[in-house]
Each structure stands twice: as structure tokens, then as C-alpha cells.
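The chain contents come next:
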Amino acid sequence: MKTHPVTRRQMIARTSATAATFAFAPNLAPLFADAKSRGFKIGACEWSLRKGDPSSMDVAKQIGIDGVQVTMGNVENNLHLRKPEVQQAYLEAAKKNCIEVSSIGIAVMNQVPLKSDPRAIEWLVDSIAVVQALQVKIIL
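Details of the pairing of strand β2 (residues 67–71)
Where burial is concerned, most of β2 is hidden: 5 out of the 5 residues are buried. Burial along β2 is two-sided: the residues Gly 67, Gln 69 and Thr 71 and Val 68 and Val 70 are all buried. Of the pairings in the sheet, the one linking strand β1 (residues 43–45) to β2 comprises 3 bridges and is parallel in character. Along β2, the bridge assignment pairs Ala 44 with Val 68. The β-α-β motif built from β1, the intervening helix α3 (residues 56–63) and the parallel element β2 has right-handed crossover chirality. Where β2 and strand β3 (residues 100–105) come together, 5 bridges link them in parallel fashion. Bridging from a neighbouring strand, Gln 69 pairs with Ser 103 of β3. Crossover β2 to β3 through helix α4 (residues 84–97) is right-handed.

Brief notes about the environment of Ala 107
Examined against the element boundaries, Ala 107 turns out to sit in the loop between β3 and α5 (118–134). Judged by its relative accessible area of 28%, Ala 107 is partly exposed. Considered as a pair, Ala 107 and Val 70 are 37 residues apart in the sequence and their alpha carbons are 9.9 Å apart.

So, the pattern of salt bridges
A side chain of one charge can pair with a side chain of the opposite charge when the charged atoms of the two come close. Considering all chains together, one arrives at 5 salt bridges under this definition. Lys 41 is the partner of Glu 100 in a salt bridge, and the nearest nitrogen-oxygen pair spans 2.3 Å. Of this pair, Glu 100 sits in strand β3 while Lys 41 sits in the loop between α2 (35–38) and β1, and the two are 59 residues apart along the sequence. According to the relative accessible area criterion, Lys 41 is exposed, its value standing at 57%. Of the charged contacts, one joins Arg 82 and Glu 122 as a salt bridge, the two residues approaching to 3.3 Å between their closest N and O atoms. A residue pair is termed long-range when its members are at least 10 positions apart, and Arg 82 in the loop between β2 and α4 and Glu 122 in helix α5 qualify at 40 residues. Connected via shared salt-bridge partners are Arg 82, Glu 122 and Asp 126.

Cut-offs used in this document
- Residue numbers run consecutively from 1 along every chain, following the written order of its sequence.
- Thresholds applied to this predicted model are a pLDDT of at least 70 for local features of residues and 80 or more for the giving and counting of side-chain atom pairs; totals over whole chains, interfaces and linings are not thresholded and use all residues.
- Note that water and hydrogens are dropped before the side-chain values are worked out from all heavy atoms of the structure.
- Partly exposed describes any residue whose relative accessible area lies between the buried limit of under 20% and the exposed limit of over 50%, with all areas from a 1.4 Å probe on protein chains only and scaled to the type maximum.
- Helix and strand labels come from DSSP, where a helix needs a run of H or I of at least four residues and a strand needs a run of E of at least two; each type is numbered from the N terminus.
- At least two DSSP bridges between two strands are required for those strands to pair.
- Orienting the strands away from the viewer, one traces the path from the first strand over the helix to the second; a clockwise path indicates a right-handed crossover.
- Whenever Lys or Arg places a side-chain nitrogen within 4 Å of a carboxyl oxygen from Asp or Glu, that contact is recorded as a salt bridge.

As C-alpha cells, then:
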């Protein structure tokens, strides 16, 4: 029978990690509480949920988070969140699932710079109307 010896360094690292887990465990308890008792909300970006449409609200409900940062869209769909019918679909999906639209993200601006591309200026200005329609206050 072959054994796998544990080095002193590995033993210290594992012991330290275990001790830290137990030391901080009481502080982690609020993460597992329901939204009303934990005192803060947990959300995710819709692209982290692997969605780019109102079905992100369904996923948010399934995994138990409180809100979703929705994306304005991309160049291919001409930043679809600017369309009133898309905004309405998000609002309906959020209401149906009791999930908040917490903010909007203009991720496309990571590839299309505000400084040098006039489309980005238009998108930024349009995003103000979008947050008003979705009743959120944060644009990222």
C-alpha cells in the first residue's frame, strides 16, 4: 500500500485554512439567511447567469438571489434594452419572479470606448432613459 505523505507546509496550510473557516463561520451566517433578516441583498450580473434576456430573472429566482444587473445589450442587437418592449419584458419577468432589476450595465463599452466612438455617447445618453423606465438608479 502506497501512502502519500503530507509535508509540514501542507499540514500548516490545511490547519490554518480549517481554523480560519471556523473562526469566520459566525460572520458567514447572514449570507445564508433570507433577504429580510440578513440586512443586505445579493445580486448577480445577467451575463454571469449566462443570460442576456428576461429569463435571467427566472435563473435569479432559482438560485435564490435578490436582484439582477441587466445588460443594455450588444452591438449585434443594437443595445436592445433601449426598446420599450424589451424593458417591459424585463419588468414583467422581474415582477413575476419577485426579483429586482438592481442596475444596468453597458458592458459593450469595454470594447467601444466613450472617448473615441460617437456610438458610445449615444448609448450612454440612452441608458439614462432606460434606468428611468426600469426604475433603477445605477448605471455601470
